[in-house]
Amino acid sequence: MATKSIAVVLGTRPEIIKLAPVIRELGERAWVIHTGQHYDAKMSGQFFEQFGIGAPDVILEGIGGANRGTQISAALQALTDLFLKNRPSAVIVQGDTNAVSAGAQAANYLGIPLIHVEAGLRSYDRAMPEELNRLVVGALADVHCAATDLNARNLLGEGVDPARVIVTGNTVVEATLASLEQGDGMIGRHFPSGIAPEKFVLATIHRPENTDSPDALERVLRGLTAIELPVVLLTHPRTRLAAERFGLTDFFDELHAIESVGHSELLDLAQAATLLVSDSGGLQEETTVLGKPLLVVRRSTERPEAVDAGFARLITPDKNIAREAAEVLENNGFGTDLRTAQSPYGDGTASRTIATIAAHIDNGHAPAQAIALVEASHDLAA
Ligand code: UD1
């Protein structure tokens, strides 16, 4: 079997979380390249340790903290140089970050088959950098691994060849189950008294739409402080830097703000919380495994499945966060029993399916053939 023949390009915390199970499935074939978009140990390093996938084979330099154009162009150049020296049989990217745009372009322009994990999400909000990254990778990918039927339909509606689309489920399901198993449930250490309150709200905020203007950030932080339960706010570097810039850090004391934590610690906190409030994409998926109600503080969502399945509600800027929270707390959720509701993101087999497609390509099959082989084996197993 070839070693380090399939490149996995990633750059941020959620990509590490969601690609770790794919990397484990790929085994010796995985060649892991970190673009360096996230560079703090808390945002990146600890995740490699936690998931037992070892350090990345390559970490690019000069990308983290740069503006969008520089992040993408510098990573595209560096990846092109790498792939010219050592051509992988396929490149895997996941999601919609700047690292994905760079990895997708580098692969496609060199004619290397590109596998996109979590393909076909659309918010139809062009003000989101991620939506543009999704459109770019959607145009370039050779294999689109859609997490849900809706995601597959979005791609087909844009004219993508059905032979290149496969519904795999989302790798977040197996990533979440694995991290939950590793958790120790000792959430008291995140609270100053060493004891977690019986009921609390867990909030995470990091999207540009909520952090990049003083008004937007103040609205969200003020809304969170008005919630009747204690709030634990996980602060992303983007949020922390913005609060410092806009003089809003006083809210952090009121909200009990803590810095980024590991995936199993985050899930332990989320599992113990009564309500989640977040603009994160990952939490919209993870909450369907945890069975917790989530208020999504965003203008739009590319993940309507969690809302449709009764796990989440979209809180657009015209709505009052504290009032919406009070309603959910009073009604104990959104009216369905979330502990028994089915996750719309699959059964925990996505990573194996994706790694098998990549292995078929590595063994010389064309992308559409690799998908057909996997689909035929699923039919046989059914
Ligand atoms: C990126 C992704 C977003 C994803 C998020 C997960 C894009 C366009 N956005 O957003 O989709 O949800 O990651 O976290 O790719 N910073 C640090 N330390 C770090 C990383 C970042 O201090 O380790 C600072 C940067 O210097 C910058 C800010 O945080 O000032 C934003 O970082 P950036 O990587 O540009 O975007 P994210 O907001 O993290």
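These numbers were taken from a predicted model, which means no experiment stands behind them.

## Some thoughts on the pattern of salt bridges
If the charged atoms of two oppositely charged side chains come close together, the side chains can form a pair.
Here is step 1: On inspection of all chains with the given rule, the structure shows 24 salt bridges.
Here is step 2: Among the salt bridges present, the one from K4 reaches D57, with a minimum N-O distance of 2.9 Å. In this pair, K4 sits in the segment before β1 (6-10) while D57 sits in the loop between α2 (41-50) and β3 (58-59), placing the two residues 53 residues apart along the sequence.
Here is step 3: Accessibility expressed as a relative area gives 35% for D57, which makes it partly exposed.
Here is step 4: Overlapping salt bridges bring together K18, D96, E118, E131, R134, E209, E285, R298, E302 and R303 as one network.

## Concerning the layout of surface pockets
Here is step 1: Put simply, the second largest pocket is a space of about 400 Å³.
Here is step 2: If you trace the second largest pocket, you find 22 residues lining it, with T274, P293, V328, N332 and G333 closest to the centre.
Here is step 3: With 5 residues, helix α15 (residues 321-331) is the largest single contributor of residues to the lining of the second largest pocket.
Here is step 4: Partitioned by chemical class, the residues of the lining of the second largest pocket number 9 nonpolar, 7 polar and 6 charged.

## What to know about the domain arrangement of the protein
Here is step 1: Each domain of the protein was delimited in the assignment, giving domain 1 (6-171 + 348-381) and domain 2 (179-330).
Here is step 2: Put simply, the middle of domain 1 and the middle of domain 2, counted by C-alpha atoms, are 27 Å apart.
Here is step 3: Buried surface at the junction of domain 1 and domain 2, both sides included, amounts to about 1,700 Å², of which 47% is carbon and sulfur.
Here is step 4: Of all residues in domain 1, K42, Q50 and M128 give up the largest surface area on contact with domain 2, accounting jointly for 24% of the area buried on that side.

## Quick look at the packing of aromatic side chains
Here is step 1: The tally for this structure, following the rule as stated, stands at 2 aromatic pairs.
Here is step 2: Aromatic side chains F191 and F200 sit 5.4 Å apart centroid to centroid with 70° between the ring planes, which places their arrangement in the edge-to-face category.
Here is step 3: Take F191: its relative accessible area is 9%, and that puts it in the buried class.

## With respect to the nonpolar core
Here is step 1: Formed by 33 residues in total, the largest nonpolar core has its most connected members in L10, L19, I23, L26, I92, I115 and I357.
Here is step 2: Once you skip the residues sitting within four places of it in the chain, I92 turns out to touch I6, A7, V8, V9, L19, V22, L26, I115, V117 and A358.
Here is step 3: Within the second largest apolar cluster, 28 residues are counted, among which are I205, L224, L255 and L295.

## Re the site of the ligand
Here is step 1: Near the ligand there are 19 residues, and of these H38, Y39, D40, E130 and R238 occur at the shortest range.
Here is step 2: One of the side-chain nitrogen or oxygen atoms of Q37 is found 2.9 Å away from an oxygen atom of the ligand.
Here is step 3: The side chain of Q71 places a nitrogen or oxygen atom 3.2 Å from an oxygen atom of the ligand.
Here is step 4: Of all the secondary structure elements, the ones that give two or more residues to the shell around the ligand are α5 (129-140) and α10 (237-246).
Here is step 5: The element contributing the most residues to the shell around the ligand is α10, with 3 residues.
Here is step 6: Here the shell around the ligand is built from residues that sort into 6 nonpolar, 9 polar and 4 charged.
Here is step 7: Residue assignment places the shell around the ligand across two domains, with domain 1 (6-171 + 348-381) and domain 2 (179-330) each supplying three or more.

## Looking at the sheet that holds β1
Pairing between the strands of a sheet comes from backbone hydrogen bonds, and it takes one of two forms, parallel or antiparallel.
Here is step 1: Taken together, the 7 strands give an open sheet; going across it, the order is β3-β2-β1-β4-β5-β6-β7, and neighbouring strands pair in parallel fashion. Edge positions in the sheet fall to β3 and β7 (165-167), since each of these pairs with one other strand and no more.
Here is step 2: Note: strand β2 (residues 30-34) against β3, 2 bridges, orientation parallel. If you follow H34 over to β3, its bridge partner there is I59.
Here is step 3: Seen against the sheet, helix α1 (residues 13-26) touches β1, β2, β4 (90-94) and β5 (114-119) and runs at an angle of roughly 165° to β1.

## What about unusual backbone geometry?
Here is step 1: For Y124, which is not glycine, the phi torsion reads 60° and is therefore positive.
Here is step 2: Of note, Y124 is situated in the loop between β5 and α5.
Here is step 3: The class of Y124 is exposed, set by a relative accessible area of 59%.
Here is step 4: If you check the backbone angles, N332 has positive phi at about 60° while not being a glycine.

## With respect to the sheet that holds strand β8 (residues 201-205)
Here is step 1: Sheet architecture is open: 6 strands sit in the order β10-β9-β8-β11-β12-β13, paired in parallel fashion. Each of the sheet's edge strands pairs with one partner strand only, and the pair in question is β10 (257-259) and β13 (312-315). The mean inter-strand angle of the sheet, taken between neighbouring strand axes irrespective of direction, is 20°.
Here is step 2: Pairing geometry for strand β9 (residues 231-235) and β10, over 3 bridges, is parallel.

Quick notes on the rules
- Residues numbered from 1 in each chain as written.
- Predicted model: local features only at pLDDT ≥ 70, side-chain atom pairs only at ≥ 80, totals over all residues.
- Heavy atoms only, no water.
- Salt bridge = Lys/Arg side-chain N within 4 Å of Asp/Glu carboxyl O.
- Helix = DSSP H or I, 4+ residues; strand = E, 2+ residues; numbered from the N terminus.
- Buried < 20%, exposed > 50% of the residue type's maximum accessible area, 1.4 Å probe, protein only.
- 1 Å grid on protein atoms, 1.4 Å probe; cavity = no way out; pocket = protein on both sides within 12 Å on 5 of 7 lines; lining within 4 Å.
- Points joined across faces, edges and corners; volume = space filled by probe spheres on them.
- Nonpolar A, V, L, I, M, F, W, Y, C, P; charged D, E, K, R; others polar.
- Domains from an automatic or database assignment.
- Buried area = accessible area lost by both parts, 1.4 Å probe.
- Phe/Tyr/Trp six-rings, centres within 6.5 Å; stacked < 30°, edge-to-face > 60°.
- Core = buried A, V, L, I, M, F, W, Y, C linked by side-chain atoms within 4.5 Å.
- Contact = heavy atoms within 4.5 Å.
- Near = heavy atom within 4 Å.
- Polar contact = N/O pair within 3.5 Å; in protein donor to acceptor, adjacent residues only side chain to side chain.
- Pairing = 2+ DSSP bridges.
- Axes fitted to C-alpha atoms, helices over the stretch in contact; angles between N-to-C directions.

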